[in-house]
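# A closer look at the structure
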Amino acid sequence: MSKVISEDIERVLISEDEIQARCKELAGQIEADYEEKRIVPIVIGLLKGSVPFMAELIKYFRHPIEIDFMSVSSYSGSESIGDVKINKDTDLSVKGKNVLIVEDIVDTGRTIREVRRLLENKGANDVRIVSLLDKPDRRVVDIEADYVGFTVPNEFVVGYGLDFNQCYRNLPYIGVLKEEAYR
Ligand code: IMP
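What you are looking at is a predicted structure, and each value in this text was computed from that prediction instead of being measured.

Each value, and the rule that gives it
Residues numbered from 1 in each chain as written. Predicted model: local features only at pLDDT ≥ 70, side-chain atom pairs only at ≥ 80, totals over all residues. Heavy atoms only, no water. Pairing = 2+ DSSP bridges. Helix = DSSP H or I, 4+ residues; strand = E, 2+ residues; numbered from the N terminus. Buried < 20%, exposed > 50% of the residue type's maximum accessible area, 1.4 Å probe, protein only. Core = buried A, V, L, I, M, F, W, Y, C linked by side-chain atoms within 4.5 Å. Contact = heavy atoms within 4.5 Å.

## Structural notes on the sheet that holds strand β8 (residues 157-158)
The strand order across the open sheet built from three strands is β1-β9-β8, with neighbouring strands paired in antiparallel fashion. Looking at which strands have only one partner, the edges of the open sheet turn out to be β1 (9-14) and β8. Relative to strand β9 (residues 174-177), β1 runs antiparallel, the two being bridged by four bridges. What sits directly across from R11, in β9, is V176.

## Looking at the pairing of strand β2 (residues 42-47)
Across a regular strand the side chains alternate sides, sitting on one face of the sheet and then on the other. β2 sits mainly inside the fold: five of its six residues count as buried. One ladder, built from four bridges, connects β2 with strand β5 (residues 98-106); its direction is parallel. Bridge pairing in β5 places V43 opposite L100.

## A closer look at unusual backbone geometry
With an omega of -5°, the peptide bond between L47 and K48 qualifies as cis. Tracing the chain through its elements places K48 in the loop between β2 and α2 (51-58). One non-glycine residue, Y160, lies in positive phi territory at about 50°. Summarising the element assignment, Y160 is placed in the loop between β8 and β9. The class of Y160 is buried, set by a relative accessible area of 7%. In this model, Q166 sits at a positive phi of 70°, which is unusual for a non-glycine residue. Looking at where Q166 falls in the secondary structure, it is placed in the loop between β8 and β9.

## Notes on the nonpolar core
Core analysis: the biggest nonpolar cluster contains 26 residues, and F53, V130, L133 and I174 have the highest contact counts within it. Elements that contribute at least two residues to this core include exactly α1 (16-35), α2, β5, β6 (126-134), β7 (147-151) and β9. Those residues in contact with F53, other than ones at most four positions away along the chain, are C23, L26, V102, E103, V130, S131, L132 and Y160. Counting 19 residues, the second-largest nonpolar core is a separate cluster that includes L46, M70, V84 and I143.

None of the figures reported here should be taken as evidence of function without further support.
Written out as structure tokens, the structure reads:
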């Protein structure tokens, strides 16, 4: 039998209860902001890290939304690399629409900058970003998410969608790995 992934966690930074409560708050805030415009937003999750966060967040929207996913790659192991590649674009027409990008973490900021630029170039009316986590100490481009769940220190984190070498995404909380888990 393979290992139990929670045994690789040194400490929990953000619990499942805290994430759920914050998702509820964020959804309320986002809906209140969108409501003035009365346009059904397209909520686009960035695969794969946003999946648990997006699933939790959208449960609390009370008004209609459309959902879709995009896949972009910019990351290998635990260091961010320069270029952002679009592996799967949105299937929906975003022209004239309000788009909410859902991301797991804003680190250097390159990914959301490129995705936002792409959606704006396709004629989206308004592009906003909600990110479960923000790691401002690592930013190399001048961009901020419009809505942030939690600000985290400059440490590599896993769980709730975030991976290390494709593992740990299914942990129901955000944690820091034990040193030996990187070997
Ligand atoms: P950025 O383009 O540098 O902002 O990187 C964004 C992507 O890097 C995120 O969507 C994550 O997939 C990945 N990433 C950044 N920091 C972490 C981390 O601490 N743990 C796991 N993945 C991370």
